[in-house]
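Residue strings, one per chain:
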Amino acid sequence: FYTPLYDFVAARQSESWIPLWNPLDHTGIPLVGETTTAVFYPLRWLVYALPLNAETAMSWYVVLHLLIASAASFQCARWNGVSVLGSSLASVAFAASGTVLFLYCNPPFLVGAAWLPLVVGALVSRDGPPSRQRVMVASTSLSMMIMGGDPQTGLHAMLVVSAVWAFRFVGGRAN
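Residues numbered from 1 in each chain as written. Predicted model: local features only at pLDDT ≥ 70, side-chain atom pairs only at ≥ 80, totals over all residues. Heavy atoms only, no water.

1. Digging into the packing of helix α1 (residues 2-15) against helix α3 (residues 54-79)
Taken N-terminus to C-terminus, the directions of α1 and α3 make an angle of 100 degrees; their axes are 9 Å apart at the nearest point. Between α1 and α3, the angle falls in the class roughly perpendicular. Each of Y2, T3, Y6 and D7 in α1 lies in contact with α3, whose residues at this interface are A54, E55, M58 and Y61. In terms of residue class, the contact of α1 with α3 is built from 5 nonpolar, 1 polar and 2 charged. (Axes fitted to C-alpha atoms, helices over the stretch in contact; angles between N-to-C directions. Helix = DSSP H or I, 4+ residues; strand = E, 2+ residues; numbered from the N terminus. Parallel < 35°, antiparallel > 145°, perpendicular 65-115°, else oblique. Contact = heavy atoms within 4.5 Å. Nonpolar A, V, L, I, M, F, W, Y, C, P; charged D, E, K, R; others polar.)

2. Quick look at the side chain of S87
Among the secondary structure elements, S87 is positioned in helix α4 (residues 84-96). Dropping the residues within four chain positions of it, S87 is found in contact with F74, A77, R78 and V82.

3. Quick word on the environment of V161
Relative to the assigned elements, V161 resides in helix α8 (residues 151-174). Residue classification places V161 among the buried positions, given a relative accessible area of 0%. As for V161 and V119, which are separated by 42 residues in sequence, their C-alpha atoms are 8.6 Å apart. Contact partners of V161, with chain neighbours within four places excluded, come to V120, L123 and V124. (Buried < 20%, exposed > 50% of the residue type's maximum accessible area, 1.4 Å probe, protein only.)

4. Structural notes on the nonpolar core
Core analysis: the largest hydrophobic core is formed by 41 residues, its most contacted members being Y6, Y41, Y48, M58, Y61 and W115. At the level of elements, α1, α2 (42-49), α3, α6 (107-124), α7 (132-147) and α8 are the ones that each hand at least two residues to this core. A total of 10 residues in this core trace back to one element, the largest contributor, which is α6. Residues within four places of Y61 in sequence aside, it is in contact with Y6, Y41, L43, R44, V47, P107 and V111. (Core = buried A, V, L, I, M, F, W, Y, C linked by side-chain atoms within 4.5 Å.)

Structure below.
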């Protein structure tokens, strides 16, 4: 489903900066209004701008997001005080886990999973309140999730972060 869709979007973007309409889905739908098309996602633009056929471009897209998932989980672990060895194990375990690795067949959810550790890690780190840099990392990661076609994971990440903050606030007031 996604290989021909992303190839179609890339072909339309080579003709027009913002492709507005997909006549191939149902009786036609707006591309911008359908999040899974990832029309505004910069990494899809980058991969599909390369002179690759659709299958190779999708393979690179998947591998790129598995690498992002690995690097993001490493950084999340480091922000939370885990050793380099432990962070390395976390990075491999997260990216190779069934819940992430097998999202290769559903790229929008793979995008959300890849950026998720940066959002959560940056905002729930025990090293005091989030720094300006970590807030920027989290907000950029959230926007990548949304543009990549997975706004639900961004919403759920912020619900979890809000719950952690609320429990910490209530726990701190109880002491």
